[in-house]
2 protein chains.
Amino acid sequence: MKKETIYVTGGAGFVGSNLCEKLLLLKYKVVALDNFKTGRKFFLKKCLQNSNFQIKKLDLKNKKKLISAIKPNSVIFHLSANADLQFGIDNRLIDIKENIQVTHNILEACIKKKIKKIIFSSTGSVYGEANLYPTPENYKYPIQTSLYANSKNCCEGMITTYSKYFNLNYTIFRFVSVLGQKYTHGHVKDFCKKLIKNKKEIKIFGNGKQKKSYIHVDDCVNALILSIKNKKFDKEIFNLGTEDWITVNQSLNLICKILKLKPKVIREEKKRSGWPGDNPKILLSTNKIKKLGWKTKKNIKESIKDTVEYLISNPFLLK
Amino acid sequence: MKKETIYVTGGAGFVGSNLCEKLLLLKYKVVALDNFKTGRKFFLKKCLQNSNFQIKKLDLKNKKKLISAIKPNSVIFHLSANADLQFGIDNRLIDIKENIQVTHNILEACIKKKIKKIIFSSTGSVYGEANLYPTPENYKYPIQTSLYANSKNCCEGMITTYSKYFNLNYTIFRFVSVLGQKYTHGHVKDFCKKLIKNKKEIKIFGNGKQKKSYIHVDDCVNALILSIKNKKFDKEIFNLGTEDWITVNQSLNLICKILKLKPKVIREEKKRSGWPGDNPKILLSTNKIKKLGWKTKKNIKESIKDTVEYLISNPFLLK
């Protein structure tokens, strides 16, 4: 597929900017689309030195502008999304606007511009509170517990339907939380931010027993890129995560060790999840994608270490 | 729950108007909300003679007007939806607007008006092309194949999430196609309409081997009403259908027999489904709701007969 232009929505975001860098290394022509609401030009510093790279500032909710921004016969990595999960209970319309409506617009562009393939970042939270871990892709009918995950589930369904209607090619990835270089939000940032402000004491959401899997962004990007190289990824849905999981307490201990701090930890002992809609457990089965040759290079502890070190060396990200 | 006002969205529609009639018989105060896009005042003739009944013409997409139309502490049957399934491939935004956004508005009203319970009409099509018949509620993770079913699946997820966030009470029903008095759209109408126009020949969508389950509206309404009487329906999802299914060919034969016609039948022999997104097979397991005391009174053949006779005695519905 080397000749097509590759569009990356949310291209200035965490996963998007890492993906753009890697695609450019592989000599693809890359266009990052971003509204710069949470994306940062800073993350694209390396990309901007490459003549195969372009940024287009665009609100993807504007269907007309979106469609006219995209060249026929290209490939789209659709990674942009609202991802303010903690505030889902207060901001109950944003996932419809930023995730469902935007994905509708992207799909319309796919049809009108005869896009060769769309690759979509969904979430491991689509399984709701599963009671099978690791959770496989064909796990039983999920009961949704967050508006974010539900919107991603809806986008998945739009993609498979457009594929059925128009023979659109796709790969859907259900990510666990991603860590690594250019990381912008999540518990590692929250903890580092709090610990820098107050070295002696830290309050955490929930009882700390929430147990989750995380993936390093490099491993995530490798999977994304495999999906445009290997035809066996076509019209398939894959979980994306590591084989291990870690509790919030363990993660906090590790972060404190890296930062050489020993704060008093204040927990919400009666809460088994961090916020409404937060799944207390996430561990995905990755057997399906491993059979196609993908494997992780970094485990969770290495990923956390990498993330903390990145945040410390870019302290403005903690503001 | 007899003292609360009961709101029925889509109250002038097929299932809605039948439900309003039955609720009034049971002495509830009923308010039908409808935009009269496909709903008909004609269906509410009986209801309008009852002083416990009110109609409010309302576009449910107008969140402010919707919220102010609803009294606190009431119950909402949310039945309104776009249901133009055949044209899903052409009209790809309507399900987001009429189903997802409207359900968001309804849920906001539920929170703001402390609604006691929302009862939602989803569809048996949410299972996509299942490969287990009859399909149970906890069947494996579905791959969506129509924008309509996907939007209903999204609404289900919004409802379960609001329930998680705000402890909202709900019952979700996944209907097969409904037949009976006040029937407005579907294959029985299409066939009758075509046969009245041309008694000698009829063209049908697909090869006629599509095999589906149907339910009579009286049985459907009985299930809806049970859900506000029996606490075991609270926060649960139920399939709603009959135990039998029928092919399109068999259904057409029966309709011709009732109409005393013997037309030549022209099929699309190579098409296993009627239109893009049409599931060629639907049969739902109803064990879960049957355990709570519900059962069907009419089988599919009786339901088809009832529907054809209703359409013939109200010929303007065939125009």
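Thresholds applied
Every chain's residues receive numbers from 1 upward, in the order its sequence appears when written. Following the order in which they are written, the chains are lettered starting with A and the ligands numbered starting with 1. Local features in this predicted model are restricted to residues whose pLDDT is 70 or higher, and side-chain atom pairs enter the listing and the counts only when it is 80 or higher, whereas totals over whole chains, interfaces and linings include all residues. Each helix is a run of DSSP H or I of at least 4 residues and each strand a run of E of at least 2, with the numbering of both proceeding from the N terminus. Using C-alpha atoms as the atom set, the radius of gyration is obtained and then compared with a globule rule of 2.2 Å times the number of residues to the power 0.38. Backbone-placed C-beta atoms define the burial measure: a residue is buried with 20 or more other C-beta atoms within 10 Å of its own, exposed with 12 or fewer, and partly exposed in between. A residue pair is marked as a contact if its C-beta atoms, positioned from the backbone, fall within 7 Å. Here, strands pair whenever DSSP counts at least two bridges between them. For the handedness criterion, the strands are oriented away from the viewer, and a crossover whose path from the first strand over the helix to the second runs clockwise is classed as right-handed. Asp, Glu, Lys and Arg are counted as charged, while Ala, Val, Leu, Ile, Met, Phe, Trp, Tyr, Cys and Pro are counted as nonpolar; the rest, among them Gly, fall into the polar class. The split into domains, and so the bounds of each, comes from an automatic or database assignment of domains. To form a nonpolar core, buried Ala, Val, Leu, Ile, Met, Phe, Trp, Tyr and Cys residues must be joined through C-beta atoms within 7 Å. Alignment of copies: least-squares fit on C-alpha atoms of residues with pLDDT of at least 70 in both copies. Given a helix with a known number of residues, its expected span is that number minus one, times 1.5 Å. Lines fitted to C-alpha atoms define the axes, with helix axes restricted to the stretch in contact, and inter-axis angles between N-to-C directions lie between 0 and 180 degrees. Each angle gets one of four labels, with under 35 degrees taken as roughly parallel, over 145 as roughly antiparallel, 65 to 115 as roughly perpendicular, and the rest as oblique. Note: crossing handedness is left-handed where the near helix turns anticlockwise from the far helix by less than a right angle, and right-handed where it turns clockwise.

Moving on, we get to the overall build of chain A. The helix and strand inventory of chain A stands at 10 helices and 14 strands. Against the 2.2 N^0.38 benchmark of 20 Å for 319 residues, chain A shows a C-alpha radius of gyration of 19 Å, consistent with a compact globule. Across the 319 residues that make up chain A, the buried fraction comes to 51%. Sequence separation of 24 or more characterises 81% of the internal contacts of chain A that already satisfy a separation of 6 or more.

With that settled, the discussion passes to the pairing of strand β1 (residues 5-9) of chain A. Residue and element names in this part refer to chain A. Summarising burial for β1: 4 of the 5 residues are buried, a large majority. Sheet topology places β1 next to strand β2 (residues 29-34); 5 bridges connect them, and they run parallel. Residue pairing in the sheet places Thr9 in a bridge with Leu33 of β2. Remark: the β1/helix α1 (residues 14-25)/β2 crossover connection has right-handed handedness. Judged from the 4 bridges that link them, β1 and strand β4 (residues 75-78) form a sheet pairing that is parallel. Bridge pairing links Thr9 to His78 in β4.

Further remarks concern the interface of chain A and chain B. The interface is formed by 28 residues belonging to chain A together with 28 residues belonging to chain B. Breaking the side of chain A that touches chain B down by element, the ones donating at least two residues are α4 (94-112) and α5 (147-166) of chain A. The residue makeup of the side of chain A that touches chain B, split by class, is 13 nonpolar, 12 polar and 3 charged.

Further remarks concern the sheet that holds strand β12 (residues 246-247) of chain B. Either a parallel or an antiparallel arrangement is found when strands of a sheet pair, and the pairing is made through backbone hydrogen bonds. Residues and elements named next belong to chain B. Read from one edge to the other, the open sheet built from 3 strands follows the order β12-β9-β14, with strand pairing classed as mixed. Every other strand in the sheet has two partners, leaving β12 and β14 (281-282) as the edge strands with one partner each. With 2 bridges connecting them, strand β9 (residues 211-212) and β12 associate as antiparallel partners. Bridge assignment links Lys212 to a residue of β12, and that residue is Ile246.

The next subject is the sheet that holds strand β14 (residues 281-282) of chain A. Residue and element names in this part refer to chain A. Spatially, the 3 strands line up as an open sheet ordered β12-β9-β14, and their pairing is mixed. Every interior strand has two partners, whereas the edge strands, β12 (246-247) and β14, have only one. As judged from the 2 bridges shared by strand β9 (residues 211-212) and β14, these two strands associate in the parallel manner. Bridge pairing links Lys212 to Ile282 in β14.

We now examine the domain arrangement of chain A. All names here are of chain A. Each domain of chain A was delimited in the assignment, giving domain 1 (5-178 + 214-240) and domain 2 (180-212 + 245-280 + 299-318). Using C-alpha coordinates to define each centre, domain 1 is positioned 26 Å away from domain 2. Only α1, β7 (177-179), β10 (214-216) and α7 (217-229) provide two or more residues apiece to the side of domain 1 that touches domain 2. When residues of the side of domain 1 that touches domain 2 are assigned to their parent elements, the largest contribution, 3 residues, is made by α1.

This paragraph deals with the nonpolar core. Residues Val8(A), Ile118(A), Cys220(A), Val8(B), Ile118(B) and Cys220(B) are the most contacted members of the largest nonpolar core, which totals 185 residues. Once residues lying within four places of it in the same chain are set aside, the contact partners of Cys220(B) are Val15(B), Phe175(B), Val178(B), Ile215(B) and Leu240(B).

For these two chains of identical sequence, chain A goes onto chain B by a turn of 180° and a shift of 0.0 Å along the axis, with RMSD 0.0 Å. The two molecules are tied by a two-fold rotation axis, judged by turn and shift. Measuring from the rotation axis to each C-alpha of chain A, the shortest distance belongs to Lys140(A), at 1.9 Å. Comparing interface residues between copies, 100% of those in chain A also sit at the interface in chain B, which points to an isologous, same-surface contact.

Now for the environment of Leu195(A). All names here are of chain A. With respect to the helices, strands and loops of the structure, Leu195 is situated in helix α6 (residues 187-197). Taking the number of C-beta atoms within 10 Å as the measure of exposure, Leu195 has 20 and is therefore buried. Taking the C-alpha atoms as reference points, Leu195 and Cys256, 61 residues apart in sequence, are found 8.3 Å from one another. Ignoring sequence-local partners within four residues, the contact set of Leu195 consists of Ile202, Leu259, Leu261 and Pro263.

Compared with an ideal rise of 1.5 Å per residue, which puts 19 residues at 27 Å, α4(A) spans 26 Å between its outermost C-alpha atoms and is within 8% of the ideal. A positive phi of about 45° marks Lys114(A), the residue just after α4(A).

The subject of this paragraph is the packing of helix α8 (residues 248-259) of chain A against helix α10 (residues 300-313) of chain A. Between two packed helices, the angle of one axis relative to the other and the distance separating the axes together describe the packing. Residues and elements named next belong to chain A. Across the interface, α8 lies against α10 with an axial gap of 10 Å and an inter-helix angle of 45°. Regarding the angle of α8 to α10, the classification is oblique. Pair α8 / α10 crosses with right-handed handedness. Contacts between α8 and α10 involve Ser251, Leu254, Ile255, Ile258 and Leu259 from the former and Lys301, Ile304, Lys305 and Val308 from the latter. Along the lines of polarity and charge, the residues of the contact of α8 with α10 split into 6 nonpolar, 1 polar and 2 charged.

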